[in-house]
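Summary of structural features
Listed here are the chains, written in short residue letters.
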Amino acid sequence: MSVLLQQLANGVIQGALIALIALGYTMVYGIIQLINFAHGEVFMVASYGGLATFTLLPDDLKKSPAVALPLMFVGGIAVAVLVAVIMERFAYRPLRNAPRLAPLITALGVSVFLQEAVRVFYPNAKSNLPYPKVFPEGNLTLGPVNIPWTGVLLVVLSVGLAIALQTYINRSRMGRAMRATAQDPDTAKLMGVNPDRVIVLTFIFGAVLAGVAGVMFGGYLNNINIDMGFQNGIFAFTAAVLGGVGSIRGAVIGAFIIGLIKTVAGQYMPGGTQYDYVWIFVVLILVLVFRPQGLFGEPERVRA
Amino acid sequence: MRKHSVKSAAIVGASLLVLAACGSNKTEGGGTTGGSCDTSKGTLTVGVVAPLSGNLSALGVGIKQSAELAVDEANKKCTVPGFKLTVSAQDDEANPAKGAQAATKLSTDPNVVGVVGTLNSSVAQTVQPILRDKKIPQVSPANTNPSLTRGNDFLTAPKRQFDNYFRVCTTDDLQGPYAANYLVEKAGKKKIAIITDGKTYGEGLAAELSKQVSKKGGTIVGSEKVGEKDTDFSGVISKIKALAPEAVYYGGEYPVAGPLSKQMASAGLNVPLMGGDGIFDGKYIELGGKEGDLATSVGAPTESLATAKAFVDAYKAKFGKEDYAAYGAFSYDAANAIIGGLAKTLEGGSAWDESKRDAMLTNVGAYAGSGATGEVKFDQYGDSTNKVLTVYQVTSAKWKDVQTGTFTG
């Protein structure tokens, strides 16, 4: 029993990380129907941005986590937002009216570009880099279950930001503009919505969440490498598809489902941890067979 | 004006000389030129295939630079009369497919006399046949999987696999059991959990260890797998923690093992992690390896061997740092075996051509010398006759040797 609870806790933490990234995939898809495969790399770049911020801090600030940690978040998010905005402006905007396949291939290209850029230009990025120890140490112990404080923080941030995002999109004026653009960009334009602004803002929101995820990833797992964006990006993409791509709620729930399947199937299914990835995709396929639009997605609209 | 043109003529002349000296070979030089040696017959190349980028680059760069050091010294000592030697280092990124590309590139160069590498047993599997087809000797400083030399039935029916393949390090069918003996008998850990990364090296090592653990009266309480690119091991750790092991053995390399050890500790599984030569690197500690963790590695500790001192000093003088990593001394010896074989082949001042390849293979196989790791000699399978292993432990954030010896059953 205690093992099950511990595995559930592990799964929730993994899910929280995936959810933060999955939101970026699903929002961008909701607005411009683009699977932004480079989003995983935005998450990776943010992690290196946070690390670089720490490295550049003066020595006395490095010793006080209360200052260093928020600055790392700021640095990581700033790098992520910058990369996302440049990516949107120069890689995707020129292809706004191109066939859907063109921006998709571009996204793959941007992904490779970012990964290689970090590998070549970031000092020592050729191998894993340890993350600074400015995060809260130790564990939260609930009976038999041990959860690192960084994991708790990750879950709180993930759920909190997802709720804030959902509220913003449902309540605010800009959120309404986003929903309008998602439904019908041409009509939204006629109603006075500036689609460029909406799209940039969507990329920025995605990047902020990926930035938080990138820095928290380093804090929770203690070291980072240039492959982290690809692997977690695939999970996040899967989560977005599972939950129904375009749906905020779906992405978050899909992410938690993936995290839980990975840990629980690794514990109890035949083959153990060797096959935990298999079960994730078995569930994905089953869901897509019976609900092709995903758990919370709307059926695909045909656009004129 | 006139003066100017004389000057430029001199520069052009000098650069032509440099170009001529480079000859047909445009790869990175192995350092300084032969000095006073006669290099009139041209340039021959010692290839290196190792991970120069990626997670294992600390080990790969150590291999490359140590081979460069050996070539450099041979050039200074005119070991191969009439020829200048260079190193051509190819990156395999620890990836078998990239390794095959690197080997193909080297094998199409008629001046490549031998190859030092690879680091990974899995990469060796794709490199071996490519080099065999061209009869190019391959001497590995680091492959420890026994099947590479003796086939899959290496214990019951050993059979030479590749007549061009040699290695200067010992093998996992000794390393695994040696680690098992230490864990069960010396450290008194009877309940051992195994985690592997699914690659040739880790799987083979862990399999050999578990056989010996059972033989010595210990039990393997569980055995799990992690992905090479995984970062969050909480699932695996929770599963293993429930089995209450006294030690965890990891079959794989330090980029996974370091974070794994750290995550074990923070999940409250405070038992030592032990691994093979793949985790024996300073990076392991940097990435989260904790106090009391153990590793076996091939050979005696480099710093303690009298024969190694000259190597360490020369390496430091050439590269400024002692970053030869776990396999530097082995790589130096591997390169010297190739150079020694070449010197014998070209004895009497003959020229290098394709017809010399058979003699070259025989001579590398028959090479015997005293190297940085001790006696360097190959048995009938191409394995090293040097079977020394060492157990290291993380003590005050450094690997410290605790036991050196050979596996005796």
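Residues numbered from 1 in each chain as written. Chains lettered and ligands numbered in written order. Predicted model: local features only at pLDDT ≥ 70, side-chain atom pairs only at ≥ 80, totals over all residues.

1. Some points on the overall build of chain B
Put simply, the rule reads: Per the convention used, a helix needs a DSSP run of H or I reaching at least four residues, while a strand needs a run of E reaching at least two, with both numbered from the N terminus. Each radius of gyration reported is based on C-alpha atoms, and the globular scaling rule is 2.2 Å times the count of residues to the power 0.38. Residues with at least 20 neighbouring C-beta atoms inside 10 Å of their own are called buried, those with 12 or fewer are called exposed, and the rest are partly exposed, where every C-beta is derived from the backbone.
What chain B contains, in helices and strands, is 13 helices and 14 strands. Over its C-alpha atoms chain B spans a radius of gyration of 23 Å, differing by no more than 12% from the 22 Å that the globule rule assigns to 409 residues. On the principal axes, the C-alpha backbone points of chain B span a range of 85 × 55 × 40 Å. Buried residues in chain B amount to 58% of all 409 residues.

2. Here's the deal with the environment of Ile35(A)
All names here are of chain A. Inclusion rule: Placing a C-beta atom from the backbone of each residue, one calls two residues in contact when those atoms lie within 7 Å.
Mapped onto the elements of the fold, Ile-35 is located in the loop between helix H1 (2-32) and helix H2 (39-56). For the pair Ile-35 and Ser-64, spaced 29 residues apart in sequence, the C-alpha separation works out to 40 Å. When neighbours within four sequence positions are excluded, Ile-35 is seen to be in contact with Tyr-25, Tyr-29, Leu-104, Ala-107 and Phe-237.

3. Looking at the nonpolar core
Defined as follows: In this description, a nonpolar core means buried residues of the types Ala, Val, Leu, Ile, Met, Phe, Trp, Tyr and Cys, linked to one another by C-beta atoms lying within 7 Å. These domain boundaries are the output of an automatic or database domain assignment.
With 118 residues, the main nonpolar core has Val116(B), Val248(B), Ala335(B) and Ile338(B) as its most contacted residues. The residues that make up this core include at least three from each of domain 1 (26-170 + 303-377) and domain 2 (172-298 + 389-405) of chain B. Setting aside chain neighbours within four positions, we find Val116(B) in contact with Val46(B), Val48(B), Ile63(B), Ala67(B), Val139(B), Pro141(B), Ser331(B), Ala334(B), Ala335(B) and Ile338(B). Membership of the second largest hydrophobic core comes to 89 residues, among which are Ile21(A), Leu23(A), Phe217(A) and Phe237(A).

4. Some details on the sheet that holds strand E13 (residues 389-395) of chain B
Residue and element names in this part refer to chain B. Note the following rule: The pairing criterion is simple: DSSP has to find at least two bridges between the two strands. Axis angles are defined between N-to-C directions and span 0 to 180 degrees, where every axis is a line fitted to C-alpha atoms and, for a helix, only to the segment in contact.
Taken together, the seven strands give an open sheet; going across it, the order is E7-E6-E8-E9-E10-E13-E14, and neighbouring strands pair in mixed fashion. Every interior strand has two partners, whereas the edge strands, strand E7 (219-225) and strand E14 (398-405), have only one. Here the strands of the sheet are splayed against their neighbours by 25 degrees on average, with no regard to which way each runs. Of the pairings in the sheet, the one linking strand E9 (residues 273-275) to strand E10 (residues 294-298) comprises two bridges and is parallel in character. Bridged to Gly-275 within E10 is Ala-295.

5. Focus: the domain arrangement of chain B
Interfaces are often sized by the amount of accessible area the parts lose when they come together. Residues and elements named next belong to chain B. Cut-off, in case you're wondering: Side-chain classes follow a simple rule in which Ala, Val, Leu, Ile, Met, Phe, Trp, Tyr, Cys and Pro form the nonpolar group, Asp, Glu, Lys and Arg form the charged group, and the remainder, Gly included, forms the polar group.
Here chain B is described as being made up of domain 1 (26-170 + 303-377) and domain 2 (172-298 + 389-405). Taken residue by residue, the interface counts 18 residues in domain 1 and 17 residues in domain 2. Every element with two or more residues in the side of domain 1 that touches domain 2 is listed here: helix H2 (57-77) and helix H4 (121-133). Per element, the largest residue contribution to the side of domain 1 that touches domain 2 is three residues, and it comes from H4. Considering only residue class, the side of domain 1 that touches domain 2 consists of ten nonpolar, eight polar and no charged.

6. Considerations on the interface of chain B and chain A
At the junction of the two partners, chain B supplies 27 residues and chain A supplies 28 residues. For the side of chain B that touches chain A, the secondary structure elements donating two or more residues are H2, E7, helix H8 (234-241), helix H9 (254-266) and helix H10 (282-286) of chain B. In terms of residue count, the dominant contributor to the side of chain B that touches chain A is H8(B) (five residues). Its residues assigned to classes, the side of chain B that touches chain A shows eight nonpolar, eleven polar and eight charged.

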